[in-house]
Amino acid sequence: MEDLSRFKQTYFEESAELLAIAEAGLLRLAPGEVDMDEVNAIFRAVHSIKGGGGAFGFTDLVAFAHEFETVMDGVRNSDIPVTTPLVDTLIRANDLLAQLLAYAREEGEVPAGLTDDTVAALRRIQQNRGAAPAPAPAAAPAASAAPAALPDEEDAEAGIFGDALAAINAARAEQEPPADPAALPEDTAEPGRLRWTIVFRPRGDLLMSGNEPAFMLRALKRLGEAEITCHLDRLPSLQNLEAEQLYLSWTVTLLTDPAVGRDRIEDVFEFVADECDIAITVETPPAPAAMPAGPDAAAPVAVTDPVPAPATAAASSAAATSAATSAGVPAAKPAEPGAGKSGGARPGGNGGADHAGITNHTIRVDLDKIDRLVNMVGEMVITQAMIAEHVRELPQGQFQELLEGLEQLAQHTRELRESVMSIRAQPVSSVFSRMPRLVRECAAATAKEVQLVTSGETTEVDKTVVENLVDPLTHMIRNSIDHGLEPPDERERIGKPRAGTVHLSAQHRSGRIVIEVTDDGRGINRPKVLSKAIEKGLVQPGASLTDEEIDNLIFLPGFSTADQVSNLSGRGVGMDVVRRNITSLGGRIGVYSTPGEGSRFVLSLPLTLAVLDGMVISVGEERFVLPLTNIVESLRPKPADLHGLVGKCEVMMARGDYVRLVHLHALFGIPGAERDATRGLVVLVETEDGSRLGLVVDEVLGQQQVVIKSLEANFRRLDGVAAATILGDGRVALILDVAGLREMSRHTDPQDDAPRDRSAGAVLAPPPAALPAPRQRETV
Amino acid sequence: MNTSTALAPVAGIRNEAAAVNGTEEQYVTFTVGSEEYGVNILAVREIRGWTPESRLPNLPDYVRGVINLRGIIIPIFDLRARFGGGATEVTRRHVVVVVQVGERTRGILVDAISDILAIGHDAIKPPPDVDSGLIDAEYLSGLYTADDRMVTLLNVERLFAVEVHEADAPAKTPPALEKPV
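Residues numbered from 1 in each chain as written. Chains lettered and ligands numbered in written order. Predicted model: local features only at pLDDT ≥ 70, side-chain atom pairs only at ≥ 80, totals over all residues. Heavy atoms only, no water.

Bringing unusual backbone geometry into the picture now. The phi dihedral of E107 of chain A falls on the positive side, at around 55°, and the residue is not glycine. In this structure, E107 of chain A sits in the loop between α4 (84–106) and α5 (116–127). We classify E107 of chain A as exposed; its relative accessible area is 66%. Even without being a glycine, R70 of chain B presents a positive backbone phi close to 45°. Tracing the backbone shows R70 of chain B in the loop between β4 (63–69) and β5 (72–78). (Helix = DSSP H or I, 4+ residues; strand = E, 2+ residues; numbered from the N terminus. Buried < 20%, exposed > 50% of the residue type's maximum accessible area, 1.4 Å probe, protein only.)

Given below as structure tokens:
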């Protein structure tokens, strides 16, 4: 039971990936230039979801996926032309499939009628398929019934089953195989073409895994001219017949261009390789003369080359009619329990090598296990650093070997840490690939034409960072389309292409990832932004702000320039939330805008959330870490810089503004710390909303990357503390939360608020000009 | 740095005690001053020598601070201070009993480990009716007499529950993000 649920888990995880693949493929699907690989990938994704769903008995899901799959099959068959409405329907179908998967996962009841509209749309597409030779009326009534797991298939099957069924009586009567290669039309075997003989004997339970032989046979037909014969030798009497079992097998004689290789044929059977026996043999031209007249398929087998043994056995047994009973067939194939659908059991593995490689070379691991590994490696790095420290104190000139060994150990630990970290790394493409969808929807909602260009999708970042990128990026792209881009007509008038371009890029820069969202729209309307800010009291009237400062106003809480609330934005939550999200990830955001030419939003984020760039400071015996993103500068004030404010607190003049001083030792009750700011140091820090504070500390020990550890996991949250970390000597240091410190200092001394007379400029974020470079200026 | 001590003898005694019948449970006992306390052995993850802690600000004196236990940060509680005896003057011989309380791992600073006892349920006496202003009986799970000593059995779940307000349920860093729009 438990095992089953684990398989289910895997199925859902895989399905999520497959859905993403299908969606990405669908979004790239456009009329005109249809990439068959893409179409096949979508088909395979839907098919795999259906197959797995069948195994777990998710009937609604399977029924729906079947409709979806059928249409995709038509597309890859070029029966169904790719049109915009088609793509829209398919995208909707993909969404529904995701929904059905969610219901299956939650074991919830699928609401009645959920899929009706889409199924109807899919059916219409199926019925209108162009190339199908069309006695459709017979199929139509069946199609309107409840979706069945088995094909109420379109007419292409009529040939496959029809002929076979018609042949049943005759075949029975004569007790002879209906497969008779000699009966093939000779004229098709012209020189230059290859004649393949494919003997396909599915196992009886093939249908239960959601596979459909008709698809495969049709796929074969597309490769060339096919003659399909159905074998009925395993067909039991009517009393013994079980409706869900598959008793048929087929021999297909296929005439193809030499360009069609064995791979293409094997690909057709990709999903069923371990659920059937397939023998694929080829004859080289000129075929007809060399072809023995006998009905025995063993002859072509003899001529051919590398057919694996079990397959050959199956081929001859297939030809030997009734000898090959259902018992004999599985025996002919090496049993591979648990082989899954990997390529392991595939006959003639060459063709599938690339697919097999993908499935075999990755492994799913619980994130917790990786976290544990990361923790242990972190510990090891610390221990290694400690040993190195001790060894440095040893007398010089001795212990040469120990020193060399240690040097090596240091190198190994460094490499180990890097590779462990890279396990969690993921390309940002998993986020970027969601954006075309968003752009499409936004463009539709705003009646604008938008072209999305992405670059740097392969840039890798820690999984947690990738996950947290979705919301900010979604918002920024919406923002660009809604506020930035002009309507097509207006663009045309001012000489821009009708379609606006949004460029999304990612790259590594000095240990961080920089993500940019650029649009070629109208840019930030500075007069409007400024007047809005004055209206809301965010800026004093008459204040003179630089362009940069004005642009940064859009990050202020509650700021929105939208004149009216649109569907997309302007609900009072805006870029301020984006900025808060980014800063809580240890990142920064900046905006650069040129009126009439567009805007560029630049995000700079750490590569991993597990690590933080910090400044280690000391207060008394204690050490703390301040996030580098909060630090403006550190300085030693002169006595003249310090002033009392109504006898309650101390303020310091720093770069033209008065900043309130907060003594960390007083706030945290640490004995033995420096009380006089002129003999200690003041670290000027800044919270996300731009307000500043001067922290009085004893010493600044230096900049360091620290691994963030939760304090809450085993204890609880503490005011003024964001998390904890372990320093090189193995001791724990607290990572300070600047916003929290400000709150604390307010509560401890409520009258001493920050000076109120600060100019508008002080409310602003610092100029983002120095974005990628470290922002703090050391004046120590 | 991670000086795990006393584990080997613990294992030895444990086997001996395991021979006694199944209605009994094993308790690790330790001393603080002249008093002896016990906690259920199932809650005890390990026993380690004292390593210097990092202080946490603005907390009662029985929260000594936090230490690094193989990459995770655990708080250390001072049992002596918890019962109003003032902060322990630690030496290298002091011991931290690492206990697992629900999802959380914590350390309890005690003077020394004294014994492992197999105690039958019947042998545990309820704590006497003491003025609740004097002792909060909630964190005592009973009293046991070993030879002529009295062992106070602790309910570790309750003992330090005061500091861990459930409102601050463990959250993963970073905090959940707000969704824009």
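Don't stop here, the text continues.
Looking now at helix α3 (residues 59–76) of chain A. End to end, α3 of chain A covers 25 Å across 18 residues, agreeing with the expected 26 Å (1.5 Å per residue, within 8%). Just downstream of α3 of chain A, S78 of chain A is the residue with a positive phi angle, here 60°. (Expected span 1.5 Å × (residues − 1).)

Residue and element names in this part refer to chain A. On average, chain A scores 74 in pLDDT, and the residues at 70 or more come to 75%. For chain A, helix α26 (residues 760–763) is the element with the lowest average pLDDT, namely 34, and strand β22 (residues 732–736) is the one with the highest, namely 93. Note on residues 131–162: pLDDT is under 50 here. Beyond four places in sequence and across chains, it has 40 contacts. A low-confidence stretch, residues 563–572 stays under pLDDT 50, and its non-local contacts, those more than four residues away or across chains, total 18 contacts. (pLDDT = per-residue confidence, 0-100. Contact = heavy atoms within 4.5 Å.)

Residues and elements named next belong to chain A. Pairing in this open sheet of five strands is mixed, and the strands run β6-β8-β9-β11-β10 from one edge to the other. With partners counted over all chains shown, the strands left at the sheet margins are β6 (450–455) and β10 (588–594), one partner each. Averaged over all adjacent pairs, the angle separating strand axes in this sheet is 15°, with direction ignored. The pairing of strand β8 (residues 500–509) with strand β9 (residues 512–519) spans eight bridges and is classified as antiparallel. Looking at β9, one finds that H503 is bridged to T518. (Pairing = 2+ DSSP bridges. Axes fitted to C-alpha atoms, helices over the stretch in contact; angles between N-to-C directions.)

Attention now moves to helix α16 (residues 400–423) of chain A. The terminal C-alpha atoms of α16 of chain A, which comprises 24 residues, lie 35 Å apart, in line with the 34 Å expected from a rise of 1.5 Å per residue. Along α16 of chain A, the residues classified as buried are L406, A410, T413 and V420 of chain A.

This part is about the sheet that holds strand β2 (residues 35–40) of chain B. Residues and elements named next belong to chain B. The strand order across the open sheet built from five strands is β8-β1-β2-β10-β9, with neighbouring strands paired in mixed fashion. If you trace the sheet from one side to the other, it starts and ends with β8 (112–120) and β9 (140–146), each paired once. Across this sheet, the average inter-strand angle for adjacent strands is 30°, counted without regard to direction. When β9 meets strand β10 (residues 149–154), the two strands line up antiparallel, connected through six bridges. By the bridge assignment for β10, Y144 is matched with V151.

Our next topic: the confidence of the model for chain B. Residue and element names in this part refer to chain B. On average, residues of chain B score 76 in pLDDT, and 72% of them reach the 70 mark or higher. Per-residue pLDDT stays below 50 along residues 1–20; that stretch engages in 27 contacts with residues further than four places along the chain or on separate chains. The low-confidence segment residues 164–181 (pLDDT under 50) makes 42 contacts with residues lying over four places distant or belonging to another chain.

This brings us to the nonpolar core. Most often, soluble globular proteins keep nonpolar side chains buried together rather than apart. One finds L664 and F668 of chain A together with L79 of chain B to be the most contacted residues of the largest nonpolar core, which totals 64 residues. It is strand β6 (residues 95–101) of chain B that provides the largest number of residues to this core, a total of four residues. When neighbours within four sequence positions are excluded, F668 of chain A is seen to be in contact with F624, D719, G720, V721, L736, L741 and M744 of chain A together with P57 and N58 of chain B. Counting residues in each nonpolar core, the second largest holds 47 residues, with L530, L545, I589 and F601 of chain A among its members. (Core = buried A, V, L, I, M, F, W, Y, C linked by side-chain atoms within 4.5 Å.)

This part takes up the packing of α3 of chain A against α4 of chain A. All names here are of chain A. Relative orientation of the contacting elements α3 and α4 amounts to 155°, with a least axis distance of 10 Å. It follows that α3 is roughly antiparallel to α4 by the angle criterion. The hand of the α3/α4 crossing is left-handed. Along its contact with α3, which presents D60, L61, F64, A65, F68, V71, M72 and V75, the element α4 presents L86, L90, A93, N94, L96, L97, L100 and L101. Looking at the contact of α3 with α4 residue by residue, the classes come out as 14 nonpolar, one polar and one charged. (Parallel < 35°, antiparallel > 145°, perpendicular 65-115°, else oblique. Left-handed = near helix turned anticlockwise from the far one by under 90°. Nonpolar A, V, L, I, M, F, W, Y, C, P; charged D, E, K, R; others polar.)

Let's shift gears to the environment of L452 of chain A. Residue and element names in this part refer to chain A. Looking at where L452 falls in the secondary structure, it is placed in strand β6. Between the C-alpha atom of L452 and that of P436, which follows or precedes it by 16 residues, the distance is 6.7 Å. Apart from the residues within four sequence positions on either side, L452 is in contact with M435, P436, V439, V502 and L504.

This next bit is on the pattern of salt bridges. Residue and element names in this part refer to chain A. Taken as a whole and judged by the stated rule, the model has 35 salt bridges over all chains. D95 is paired through a salt bridge with R437; the nearest N and O atoms lie 2.4 Å apart. Here R437 lies in helix α18 (residues 435–446) and D95 lies in helix α4, a separation of 342 residues in the sequence. A salt bridge links E674 to R679; the nearest nitrogen and oxygen atoms lie 3.7 Å apart. By sharing partners, the salt bridges in this structure join E23, D95, R437 and E441 into a single network. (Salt bridge = Lys/Arg side-chain N within 4 Å of Asp/Glu carboxyl O.)

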